[in-house]
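# Observations on chain architecture
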Amino acid sequence: MASVESPAAPLLQIESVSKRYGALTVADKLSLTVGEREALGVVGPNGAGKTTMFNLITGDVAPNEGRILFAGQDITAMAPHERCRIGIARSYQIPHPFAKMTVFENLLVGAMFGGGETERASYRHCAEVLELTRLGDKANFTAGALTLLQRKRLELARALATGPRLLLLDEIGGGLTEHECQELILTIKAIRAGGVAIVWIEHIVHALLSVVDRLIVINFGDKLAEGEPRAVMADPRVREIYMGIPAA
Amino acid sequence: MDPNFTVERGTTASRRFAVLGGVLVVALATLPFWGDTASMRLIAEMATYLALAQLWNLLAGYAGLVSVGQQAFVGLGGYALFVMCGWYGIHPLLAIPLAGIVSAALSLPIAFIVFRLRGAQFAVGTWVVAEICQLLIALMSSLGAGSGQSLTPAIVRTVAASKADRDMIFYWCSLGIALIVLGLVYALLRSRHGLALTAIRDSEQASRSVGVDTFRTKLLTYVVVAFATGGVGALIFLQKLRISPAAGFSLNDWTVVVIFMVVIGGIGTIEGPIVGLVIYFVLRQLLADYGSWYLIVMGCVAVFFMLRARDGIWGWIAQRWQLHLFPLRRNFRRGGP
């Protein structure tokens, strides 16, 4: 485990966490550290256990064994809403908007409950997040009326509204045009500049590489490779398993 | 970044409606002075159903707690009133809110059981609990067992000496409780708690992930609804002057009819149950002479809405004309006030 150093003090520590559904193991003694302000990229084939890792971090799924620490505190048994309140926020791969509420209200829920702010204090914060995520002109649209891509942006915005220290992004770049992808990269860089640590699951490798400091590859619920992004992507095992290119 | 913005809660339509609603309330409040007894009885019944429908909607339409056992709290509230008046000599009108407190207190152990269940299991579980309440009370001979009990004339006279005065008082109580419940639901939904409830209505999983304590929010809602439902139940049986387990814990009268109203009118809105209430009573009056056809037509209407118009009549109206008479929405406007 000491082979790769995190650039700063650990914010999140996953310690040999396993999750099984009957005979199917979706996390197999997975260990991982994310540093304060770090940006970590996660790649891996479909069904490798990437989203499960997020579910374990946010508490949507309870592990069979192992423990998870956030800012030094053991959060393994903590409820999802409490984890959000101490600074863990996520976007869902399949957007879960509050469909009949407006975009602004979607953010307000995050700011008031996740961020623990009063309603008045939340307004300003939400206005800033709307600006940052370029959803300002959609503020009064009901979330259900948004396109899929806008819903993905709303996932990001709502997570951000909770005022996280750690932001988990689950394939928010999928389906974007090159131009939209560049915009997303700028947004994520701006979020990082605000001091938020990011773990980003993404299939669009070039987008990932332009943002992250470190990359891990997950396969069969376990880490296959970890390290400097370009070195990891050049690893023959990664090329074989992730991209289907024979190692030979 | 532009810091100049405002957040508006009302709409022009809602302000006009507030005036109209005020006029309607005044007209209804003065009904005893210009209306007949039959219309007073009808409006009083509609008022208590309005309260029950708003409460069930809060529970099922917002908190996602689809209870089929709210008759438990109507019956418990009713019996609590009879016990307080008959055994302890408490004034019947004071016993109404007290019955609500009894009902809320009993909802906690009930929640302890039914909150372990989800979805359809929760629905069946609440129904089973209501049946158990009915059976337990039917076993208690001190409460009149299966045949129930009546309020003594002496107790009834403490409300008012003459029947005409009593009818008037009961009428105002019904109207009052409907307005209180409507106001309570509206205030609750506009508050911080209501924002959480609305989020839970749309996605429970996402609510949790952005920091909403869904269990606490739902439990609080369940207890508040039990309190108000108990109070409504107490008033209903105070008016009837008689209660029995079968009447008090009637699934049809206190839950099925209420679900019909909410589903037809539009679940998850304040306006929907009001629309559904009016439609139910209109249908009931129209079909009163056709015996069991009444139930068959009601059933067909309910099936149609569940298959074809799941947001109910109000859902369709709100969608088509962007009309909100009880505005909950927060409209974000750029540019200073």
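Conventions used here
Residues numbered from 1 in each chain as written. Chains lettered and ligands numbered in written order. Predicted model: local features only at pLDDT ≥ 70, side-chain atom pairs only at ≥ 80, totals over all residues. Helix = DSSP H or I, 4+ residues; strand = E, 2+ residues; numbered from the N terminus. Rg over C-alpha atoms; globule rule 2.2 N^0.38 Å. Buried ≥ 20, exposed ≤ 12 C-beta atoms within 10 Å, placed from the backbone. Contact = placed C-beta atoms within 7 Å. Pairing = 2+ DSSP bridges. Axes fitted to C-alpha atoms, helices over the stretch in contact; angles between N-to-C directions. Domains from an automatic or database assignment. Nonpolar A, V, L, I, M, F, W, Y, C, P; charged D, E, K, R; others polar. Parallel < 35°, antiparallel > 145°, perpendicular 65-115°, else oblique. Core = buried A, V, L, I, M, F, W, Y, C linked by C-beta atoms within 7 Å. Right-handed = clockwise from strand over helix to strand, strands pointing away. Expected span 1.5 Å × (residues − 1).

What follows is about the overall build of chain A. The secondary structure content of chain A amounts to 9 helices and 10 strands. Against the 2.2 N^0.38 benchmark of 18 Å for 248 residues, chain A shows a C-alpha radius of gyration of 18 Å, consistent with a compact globule. Taking the principal axes of its C-alpha atoms as reference, chain A extends roughly 55 × 40 × 35 Å. Residues classed as buried in chain A amount to 51% of the 248 residues present. A fraction of 66% describes how many contacts in chain A between residues 6 or more apart in sequence connect residues 24 or more apart.

Scanning chain B from terminus to terminus reveals 16 helices and 4 strands. Dimensions along the principal axes, computed over C-alpha positions, put chain B at roughly 70 × 50 × 40 Å. Burial statistics for chain B: of 337 residues in total, 42% are counted as buried. Taking all contacts inside chain B whose residues are at least 6 apart in sequence as the whole, residues at least 24 apart take part in 76%.

Here we take up the sheet that holds strand E9 (residues 214–219) of chain A. All names here are of chain A. Strand order in the open sheet formed by 6 strands is E6-E7-E8-E3-E9-E10, with mixed pairing between adjacent strands. Among the strands making up the open sheet, the edge pair consists of strand E6 (88–90) and strand E10 (222–227). Each strand of the sheet is rotated relative to its neighbour by a mean of 20 degrees, with strand direction disregarded. Taken together, the 5 bridges between strand E7 (residues 166–170) and strand E8 (residues 197–201) define a ladder with parallel strand orientation.

Bringing the domain arrangement of chain B into the picture now. All names here are of chain B. Each domain of chain B was delimited in the assignment, giving domain 1 (30–249) and domain 2 (251–326). Each partner contributes residues to the interface: domain 1 has 19 residues there, and domain 2 has 17 residues. Going through the elements one at a time, helix H3 (37–62), helix H4 (71–88) and helix H8 (163–190) are the ones with two or more residues in the side of domain 1 that touches domain 2. With 11 residues, the single largest contributor to the side of domain 1 that touches domain 2 is H3. Of the residues assigned to the side of domain 1 that touches domain 2, the class counts are 13 nonpolar, 5 polar and 1 charged.

Below, the discussion takes up the packing of helix H13 (residues 251–265) of chain B against helix H16 (residues 312–321) of chain B. Describing two packed helices takes the angle between their axes plus the distance from one axis to the other. Residue and element names in this part refer to chain B. Between H13 and H16, the shortest axis-to-axis distance is 3 Å and the interhelical angle comes to 20 degrees. One way to sum up the angle between H13 and H16 is to call them roughly parallel. Across from Val263, Ile264 and Gly265 in H13, the residues of H16 making contact are Gly312, Ile313 and Trp314. For the contact of H13 with H16, the residue count by class is 4 nonpolar, 2 polar and no charged.

Time to look at the nonpolar core. Leu107(A), Cys126(A), Leu167(A), Ile198(A), Trp200(A), Ala51(B) and Leu81(B) are the most contacted members of the largest nonpolar core, which has 159 residues in total. Ranked by the residues each element gives to this core, the list is headed by H3(B), at 15 residues. Counting only domains with at least three residues in this core, you end up with domain 1 (30–249) and domain 2 (251–326) of chain B. Not counting chain neighbours up to four residues away, the residues in contact with Ala51(B) comprise Ile177(B), Ala178(B), Val181(B), Ala228(B) and Val232(B).

Once that is clear, we can look at the interface of chain A and chain B. The partner chain B presents 24 residues to the 30 residues of chain A that form the contact. For the side of chain A that touches chain B, the secondary-structure elements that each account for two or more residues are helix H2 (80–85), helix H3 (103–113) and helix H4 (119–132) of chain A. When residues of the side of chain A that touches chain B are assigned to their parent elements, the largest contribution, 7 residues, is made by H3(A). When the residues that make up the side of chain A that touches chain B are grouped by side-chain class, the tally is 13 nonpolar, 8 polar and 9 charged.

Take the sheet that holds strand E1 (residues 10–21) of chain A next. Residue and element names in this part refer to chain A. With antiparallel pairing, 4 strands are arranged side by side in an open sheet as E2-E1-E4-E5. A single partner strand is all that each edge strand has here, and the edge strands are strand E2 (24–35) and strand E5 (73–74). By the bridge criterion, 8 bridges tie E1 to E2 in an arrangement that is antiparallel. Across the sheet, the residue bridging to Val17 is Leu30, located in E2. Along the sheet, helix H1 (residues 50–58) contacts E1, E2 and strand E4 (65–70); its crossing angle with E2, the most-contacted strand, is approximately 65 degrees.

Our next topic: the pairing of E8(A). Residues and elements named next belong to chain A. With 5 of its 5 residues buried, E8 lies for the most part within the structure. Here E8 shows no split at all, with Ala197, Val199 and Ile201 on one side and Ile198 and Trp200 on the other all buried. Taken together, the 4 bridges between strand E3 (residues 39–43) and E8 define a ladder with parallel strand orientation. Paired with Ala39 across the bridge in E8 is Ile198. Between the parallel elements E7 and E8, the chain passes through helix H6 (residues 178–193) in a crossover that is right-handed.

On to the environment of Arg124(A). Residues and elements named next belong to chain A. Structurally, Arg124 is set in helix H4. Take Arg124: there are 14 C-beta atoms within 10 Å of it, and that puts it in the partly exposed class. C-alpha of Arg124 to C-alpha of Thr25: the two residues are 99 residues apart in sequence and 44 Å apart in space.

Residues and elements named next belong to chain A. The end-to-end C-alpha distance of helix H5 (residues 148–161) is 20 Å, a good match for the 20 Å that 14 residues give at a rise of 1.5 Å each. Of all 14 residues in H5, 12 are buried, a share of seventy percent or more. The set of residues buried in H5 consists of Gln150, Arg151, Lys152, Arg153, Leu154, Glu155, Leu156, Ala157, Arg158, Ala159, Leu160 and Ala161. Contact partners of the buried residues in H5: E6, H3, H4, E7 and H6.

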